[in-house]
Amino acid sequence: GQGFSFEDTFSDLQYRMVGPYRGGRVTAVAGIESQPSVFYMGATGGGVWKTVNYGISWENVSDGYFNTGSIGAIRVSPSDPNIVYVGTGSDGIRSNVIIGKGVYRSDDAGKTWKFIGLENTGQIGALVIHPEKPDICYIAAIGNPFGSNPDRGVFKTLDGGETWEKVLFISDKTGISDIEMHPDKPEILYASAWTAERKPWTIISGSEEGGIYRSTDAGETWEKLHDGLPSGIVGKSDLAVCQAAPDYLYVLVEAEKDQGGVYFSENRGSSFDVVSKEEYLLDRPFYYTNIDVDPGNPDVIY
């Protein structure tokens, strides 16, 4: 970067806890660019919570509407902040994971919700909404964490969840843990394939079916990306795109033979370079594995 250092930039700031005060772990959060005080938070067993005052107070908005408290993904429509999609089923597949029960949508900023399908997709790792058409949404479904099932992959709706089409399917053991949309070209999508299963005695993470896929035609067709990425058994991966550098793509990926780490592409995934293979970036990869990039500065990665 341009002389950026965490200490210089944030030395006068201190983190403080803003609640809820008995929250457990969280694997889904969403904010709203036009409403900086509003955030949604999804717990792994406690449903969806909302704050309108920067986290000073929180209120549960899913009780009475959702059939599960396990939340995997929350996104607010960029073109209409009243429209919120929630995919249930946390993507942190560990010993005590609660299964998801599909997708919910609110048209009144979380006051009320309706169930819109995909009940058997198990854990939903991510979802993305078209920037101008809030009825177009893509869901990344990991699948049932306890066994094989066909309801996994990338699902797309053109009508706000009335109907869904499975547009990417790899196998009944391998689902999709993350999906990202190109910031300027919504027809370009990236997806992370992951084979994951929770057994009573172990957690399986990874297979030769894992890896990164790209579509350039709004999900109609997909290709697996290879150039510069790990080969062989590939586990969980997470993707990040940057508004300030829309053709950049960042990947944090679990892989065998010391191939795991952060990979970076400047050309929408056509080729990748290794950024880091620091081992601690992939501690408990089936559980964590999250990467994000500052929307205004592509050099700052979290």
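In short, a report on the structure. (Residues numbered from 1 in each chain as written. Predicted model: local features only at pLDDT ≥ 70, side-chain atom pairs only at ≥ 80, totals over all residues. Heavy atoms only, no water.)

Regarding the layout of surface pockets
Computed from the structure, the second largest pocket encloses a volume of approximately 150 Å³. Lys224, His226, Pro230, Ser231 and Val234 are the residues nearest the centre of the second largest pocket, which is lined by 13 residues in total. Class assignment for the residues of the lining of the second largest pocket results in six nonpolar, five polar and two charged. (1 Å grid on protein atoms, 1.4 Å probe; cavity = no way out; pocket = protein on both sides within 12 Å on 5 of 7 lines; lining within 4 Å. Points joined across faces, edges and corners; volume = space filled by probe spheres on them. Nonpolar A, V, L, I, M, F, W, Y, C, P; charged D, E, K, R; others polar.)

A short note on the sheet that holds strand 5 (residues 71-76)
Taken in spatial order, the four strands make up an open sheet running 5-6-7-8, and their pairing is antiparallel. The strands lining the two open edges of the sheet, one partner per strand, are strand 5 and strand 8 (114-115). (Pairing = 2+ DSSP bridges. Helix = DSSP H or I, 4+ residues; strand = E, 2+ residues; numbered from the N terminus.)

Structural notes on the pairing of strand 10 (residues 137-143)
Among the seven residues in strand 10, seven count as buried, and that is most of the element. Pairing of strand 9 (residues 123-129) with strand 10 involves six bridges; the strand directions are antiparallel. Looking at the pairing, Gln123 lines up with Gly143 of strand 10. Bridging between strand 10 and strand 11 (residues 153-157) involves five bridges; their strand directions are antiparallel. Within strand 11, the residue paired with Tyr138 across the bridge is Lys156. (Buried < 20%, exposed > 50% of the residue type's maximum accessible area, 1.4 Å probe, protein only.)

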